[in-house]
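Structure at a glance
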Amino acid sequence: MSADWVKSGKVQARITEDGALEVRCTGLTTQTKYYKTLLKEFFRKEFPPLRPGYGDYSVHIMMEYTGDPPWMDLDNLAKALLDSLTGNVFDDDHQVARLLVERRQAEREGIWLLAEAMG
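Here the structure is a predicted model, which means the values were calculated and not measured.

What follows is about the overall build of the chain. Counting secondary structure elements, the chain contains two helices and six strands. Sequence-ordered secondary structure for the chain, helices as α and strands as β, is β-β-β-α-β-α-β-β. In terms of overall dimensions, the chain is globule-like: its C-alpha atoms have a radius of gyration of 14 Å, near the 14 Å expected for 119 residues. Overall, the chain is about 40 × 30 × 25 Å in size when its C-alpha atoms are taken along their principal axes. A total of 119 residues make up the chain; the buried ones form 39% of that total. A separation of at least 24 residues holds for 73% of the contacts in the chain among residues at least 6 apart in sequence.

Note: strands within a sheet are paired through backbone hydrogen bonds, in either parallel or antiparallel orientation. Spatially, β1-β2-β3-β6-β4-β5 is the arrangement adopted by the six strands of the open sheet, whose pairing is mixed. Looking at the sheet topology across the chains shown, the edges are occupied by β1 (6-8) and β5 (96-105). Along the sheet, successive strands turn relative to each other by an average axial angle of 10°, direction set aside. Judged from the eight bridges that link them, strand β4 (residues 57-65) and strand β6 (residues 110-117) form a sheet pairing that is antiparallel. Residue pairing in the sheet places H60 in a bridge with L114 of β6. Contacting β3 (21-26), β4, β5 and β6, helix α2 (residues 74-85) runs over the sheet at an angle of about 125° to β5.

This next bit is on the pairing of β4. Every regular strand shows the same layout, with side chains that alternate between the two sheet faces. The buried fraction of β4 amounts to eight of the nine residues, a majority that puts the element mostly inside the structure. Note that β4 and β5 share nine bridges and pair parallel. The partner of M62 across the bridge, within β5, is E102. With α2 bridging β4 and the parallel β5, this β-α-β connection has right-handed handedness.

Criteria and thresholds
- Residues numbered from 1 in each chain as written.
- Predicted model: local features only at pLDDT ≥ 70, side-chain atom pairs only at ≥ 80, totals over all residues.
- Heavy atoms only, no water.
- Helix = DSSP H or I, 4+ residues; strand = E, 2+ residues; numbered from the N terminus.
- Rg over C-alpha atoms; globule rule 2.2 N^0.38 Å.
- Buried < 20%, exposed > 50% of the residue type's maximum accessible area, 1.4 Å probe, protein only.
- Contact = heavy atoms within 4.5 Å.
- Pairing = 2+ DSSP bridges.
- Axes fitted to C-alpha atoms, helices over the stretch in contact; angles between N-to-C directions.
- Right-handed = clockwise from strand over helix to strand, strands pointing away.

Listed below in structure tokens is the structure:
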């Protein structure tokens, strides 16, 4: 069974039963650097300390929007989110061996990500 969600403001996260980190952020902004700061602070202040792992990781990022897609470069979003995971999930973002970043229309706007060790 998955762990309970830890929530603070616009961010919630949990460790799944498979040991992956699942994160949700409500709302969207085109300022991708915002997510780096938001998540770094969340991990520093709210989430139980994580021990960075070594080896390869898979990261799946989903940007969900309503109406027209926002003018947001998905590569910049991915970089900001990976930077926020560095030191928390993995030691360095060069450990990301598989990265899927996508956007889709949804009923609510937000960011979802799943980071898990491979192998």
